[in-house]
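These are the residues of each chain, in order.
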Amino acid sequence: MSEVPNELKYAASHEWARLEEDGIVTVGITDHAQNALGDVVYVELPEVDAQVQAQSEAGVVESVKAASDIYAPVSGTVVAVNEALEDAPETVNQDPYGDGWFFKIEPDNVSDLDDLLDADAYAEACEDDDH
Amino acid sequence: MTKRTPLYDAHVQAGGKMVEFGGWDMPLNYGSQIKEHETVRSAAGVFDVSHMTIIDVSGSAARDFLRHVVANDVDRLKVSGKALYGALLNEHGGVVDDLIVYRREEGYRCVVNASTRDKVLAWFARNNTGAVLTERQELAMLAIQGPNAVALYEGLSGNAVGDLKPFSALEAGSVMIGRTGYTGEDGVEVMLPAQDAVELWRALLDAGVAPIGLAARDTLRLEAGLNLYGQDMTEATHPFESNIGWTVALKPADRQFIGRRALEAVQAEGVQRKLTGLVLEAKGVMRHGYEVRTAHGTGEITSGIFSPTLGYSIALARVPAEADGSVEVDIRGKAVPARLVKPPFVRNGQSLVN
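The model shown is predicted, which means the values in this text are computed figures rather than measured ones. (Residues numbered from 1 in each chain as written. Chains lettered and ligands numbered in written order. Predicted model: local features only at pLDDT ≥ 70, side-chain atom pairs only at ≥ 80, totals over all residues. Heavy atoms only, no water.)

**Q** I would appreciate a short explanation of the overall build of chain A in the present structure.
**A** If you tally the helices and strands in chain A, you get 4 helices and 9 strands. Put simply, chain A runs from its N terminus to its C terminus through helices and strands in the order β-β-β-α-β-β-β-β-β-α-α-β-α. Taken along its principal axes, the extent of the C-alpha atoms in chain A is 35 × 35 × 25 Å. In chain A, buried positions account for 50% of the 131 residues. Residue pairs in contact within chain A that sit at least 24 positions apart in sequence constitute 61% of those at least 6 positions apart. Entry remark: accessible area of chain A is about 6400 Å², with carbon and sulfur atoms responsible for 40%. Distance between charge centres in chain A, computed from 4 positive and 32 negative side chains, equals 3 Å. (Helix = DSSP H or I, 4+ residues; strand = E, 2+ residues; numbered from the N terminus. Buried < 20%, exposed > 50% of the residue type's maximum accessible area, 1.4 Å probe, protein only. Contact = heavy atoms within 4.5 Å. Areas by Shrake-Rupley, 256 points an atom, 1.4 Å probe, with all protein chains shown as cover. Lys, Arg positive; Asp, Glu negative; His and termini not counted. Charge placed at Lys NZ, Arg CZ, Asp CG, Glu CD.)

**Q** What is the right way to read the overall build of chain B from this model?
**A** The number of helices and strands found in chain B is 8 helices and 21 strands. Taking 354 residues into account, the globule formula puts the C-alpha radius of gyration at 20 Å, and chain B, at 20 Å, falls close to it. Projecting the C-alpha coordinates of chain B onto the three principal axes gives extents of approximately 55 × 50 × 40 Å. Expressed as a percentage of its 354 residues, the buried residues of chain B come to 56%. Contacts spanning at least 24 positions in sequence make up 66% of the contacts within chain B whose residues lie at least 6 apart. (Rg over C-alpha atoms; globule rule 2.2 N^0.38 Å.)

**Q** Would you take a moment to explain the pattern of salt bridges for this structure?
**A** Residues and elements named next belong to chain B. Under the definition given, this model contains 29 salt bridges over all chains. With a shortest N-O distance of 2.6 Å, R136 and E138 are connected by a salt bridge. Note on E138: relative accessible area 44%, which makes it partly exposed. Ionic contacts of the salt-bridge type, sharing partners, join the residues D56, R104, R109, R136, E138 and E171 into one network. (Salt bridge = Lys/Arg side-chain N within 4 Å of Asp/Glu carboxyl O.)

**Q** Explain the sheet that holds strand β3 (residues 45-48) of chain B to me, please; I cannot follow it from the model alone.
**A** Backbone hydrogen bonds are what pair the strands of a sheet, in a parallel or an antiparallel way. Spatial ordering of the open sheet is given by β10-β11-β12-β9-β3-β13 (chain B), a layout of 6 strands whose pairing is mixed. The sheet is open, and its two borders are formed by β10 (169-172) and β13 (210-211) of chain B, each paired with just one other strand. (Pairing = 2+ DSSP bridges.)

**Q** So what exactly am I meant to see when it comes to the packing of helix α2 (residues 33-42) of chain B against helix α7 (residues 214-223) of chain B here?
**A** Between two packed helices, what matters for the description is the angle formed by their axes and the separation of those axes. Residues and elements named next belong to chain B. Running from N to C, α2 and α7 point in directions that differ by 50°, and their axes come no closer than 8 Å. Classified by the angle their axes make, α2 and α7 are oblique. Considering how the two elements wind past one another, α2 and α7 form a crossing that is right-handed. Contacts between α2 and α7 pair Q33, E36, H37, V40 and R41 from the former with A215, A216, T219, L220 and E223 from the latter. Class assignment of the residues belonging to the contact of α2 with α7 gives a composition of 4 nonpolar, 3 polar and 3 charged. (Axes fitted to C-alpha atoms, helices over the stretch in contact; angles between N-to-C directions. Parallel < 35°, antiparallel > 145°, perpendicular 65-115°, else oblique. Left-handed = near helix turned anticlockwise from the far one by under 90°. Nonpolar A, V, L, I, M, F, W, Y, C, P; charged D, E, K, R; others polar.)

**Q** Even after reading the chapter, I still don't get a negative patch on the surface, so can you show me in this structure?
**A** A contiguous patch of negative charge on the surface is contributed by D118, D120, E124, E127, D128 and D129 of chain A. Relative to the elements of secondary structure, D129 of chain A occurs in helix α4 (residues 119-129). (Patch = residues over 30% accessible without salt bridge, like charges linked within 9 Å, V, L, I, M, F, W, Y side chains within 5 Å.)

**Q** Please clarify how the sheet that holds strand β6 (residues 57-63) of chain A should be interpreted in this entry.
**A** All names here are of chain A. If you walk across this open sheet you meet the 3 strands as β4-β6-β7, and the pairing is antiparallel. In this open sheet, the two edge strands, each paired with only one partner strand, are β4 (40-44) and β7 (67-71). For this sheet the average axis-to-axis angle between neighbouring strands, irrespective of direction, equals 25°. Strand direction decides the pairing type here: β4 and β6, joined by 4 bridges, are antiparallel. Of the residues in β6, the one forming a bridge with V43 is V61.

**Q** Can you walk me through α4 of chain A in this structure?
**A** Residue and element names in this part refer to chain A. Three or more residues of α4 are buried, namely A119, Y122, A123 and C126. The arc that holds the buried residues of α4, viewed along the axis, is 100°, so those residues lie on one side. Relative to its buried face, α4 has exposed residues pointing more than 90 degrees away, namely D120, E124 and D128. Lining the buried residues of α4 we find β1 (9-10) and α1 (31-37). (Arc of directions from axis to C-beta.)

**Q** How should the side chain of T30 of chain A be read in this particular structure?
**A** Structurally, T30 of chain A can be placed in the loop between β3 (25-29) and α1. Look past the residues within four positions of T30 of chain A in its chain and what remains in contact with it is Y10, H14, E15, W16, P96, Y97 and Y122 of chain A.

**Q** Explain the interface of chain B and chain A to me, please; I cannot follow it from the model alone.
**A** You'll often see interface size given as the accessible area lost when the parts meet. Across the boundary between the two partners, chain B contributes 13 residues, which contact 15 residues of chain A. Between chain B and chain A, a total of about 1300 Å² is buried, with carbon and sulfur atoms accounting for 47% of that surface. When residues of chain B are sorted by the area they lose upon contact with chain A, K283, R287 and R332 of chain B head the list and together hold 43% of the total. Applying the counting criterion to the chain B and chain A interface returns 4 salt bridges. (Buried area = accessible area lost by both parts, 1.4 Å probe.)

**Q** What's the story with helix α4 (residues 117-127) of chain B in this structure? I'm lost.
**A** An α-helical turn contains 3.6 residues, so a residue and the one three or four places further along point in the same direction. All names here are of chain B. When α4 is considered as a whole, its buried residues turn out to be R117, V120, W123, F124 and N127. For α4, the angular spread of buried residues about the axis comes to 130°, placing them on one side. Exposed residues on α4 whose side chains face more than 90 degrees from its buried face are D118, A125 and R126.

**Q** Where do I start with unusual backbone geometry in this structure?
**A** It is generally the case that most residues other than glycine have a negative phi and that most peptide bonds are trans. Along the chain, K251 of chain B connects to P252 of chain B via a cis peptide bond; the corresponding omega equals 0°. Structurally, the position occupied by P252 of chain B is in the loop between α7 and α8 (260-269). Note that the residue after P343 of chain B, namely P344 of chain B, is joined by a cis bond; omega there is 5°. Its place among the elements puts P344 of chain B in the loop between β19 (334-341) and β20 (346-347). Unlike most non-glycine residues, H14 of chain A shows phi in positive territory, near 75°. Along the chain, H14 of chain A turns up in the loop between β1 and β2 (15-19). Backbone geometry places Q55 of chain A, a non-glycine residue, at a positive phi of 65°.

**Q** Before we go on, may I ask you to explain the pairing of β2 of chain A in this structure?
**A** As a general feature of sheets, a regular strand has side chains that alternate between the two faces. Residue and element names in this part refer to chain A. Both β1 and β2 contribute to a ladder of 2 bridges, which runs antiparallel. Bridge pairing in β2 places K9 opposite A17. The turn linking β1 back onto β2 is made up of 4 residues, and H14 within it adopts a positive phi angle of 75°. As paired strands, β2 and β3 are joined by 5 bridges and run antiparallel to one another. Its bridge partner being in β3, A17 is matched across the sheet by V27. Taking the residues between adjacent antiparallel strands as the criterion, β2 and β3 are bridged by 5 residues, where G23 takes a positive phi near 85°.

Okay, here's the thing in structure tokens:
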């Protein structure tokens, strides 16, 4: 069973979003997603200062098995990307909710987060996926 | 309903992530496919390949039948225990399947793919001229591969296979052991009764041999420059454009195998395309179906992976025959530089890419 932390918000496309104290939203992919992808070998991240739209492509994660788009869970400006993933993409597998984060967004509207799934709804969506 | 090999329970017990493959429930990986890959390159791993199709060919018509349906010539197998790799072709020279043929004391043994079983059995039946064809569904098959594989197998089984030459096999009772594989490493493939396979599997795992899933099998075979049927070659491609022209025996000229006429026509006109290797010279991963742009026209990636041994993406691609050197691969709309190289990429744990 995949780990689905309660304090995070989730997109059906398997990204997680965490609202930090400074109003910035950190984004990564879920434990379920990294498990389904298998060993991650390459992550393509957006540029810092790029404008991203909710539910639009913001990057790509490549595993040995497949390439998968990463969607921005909220609209806003990219303020940081996790450059450590360039040399250590396997961090996404090892610590998807911690050191394996992808990028940080300064959201246009923090209320966009309300459109995302909570942990229970996401866990349910994953279970449906598995059947 | 998917089929299960005799080792299904053993896979689940070893933590195998089971997926459907060619109608079979098979392990994709047992955790990390990269670790499994590295284990085969540096030590030894065991694959359950019981889903492969084993067909014995016997009777007085066996030789003539195989000389007719296989593009390679089984007369090259001078003594029992020798094996060859070859292709079954249709009348257009397209590849129906690839296979290994072993010569036995009495007759021959063919090992063909799992996903093509029904098609090949029907093809054999349609072209049979009196050979006795016996599918050996009761046999399981394990591939033990890696630099330590032969010594480990010898120690556990008591079968002396250390002196067996590559592409040779020996039989010990109901067990056949071939010095063959699909990884670019030394090793053996063992065909044996189901119960014996379960015991051998357990003994190998107890001896520290790692179980290896289909995912690592694919990256290992691609590094070794070996084709996957259905992906790198199909009924729409002939051997000369599939990097297996060497398996077509046009001599002697009077052997009328299926596809011969078409291949002779292809040779007379000149071969237009080739299947060759590709290394990516930037970050990213090449995948099946991506376009390759060369100075002589476009081609297509047939298999692409991230190579765990080399640390970058490699691929097999079908490109114009004259293409050479630097090319571009279209990765999701971006032109990424790559270079054509002759496969294999890795052999016996060592990179062959300059």
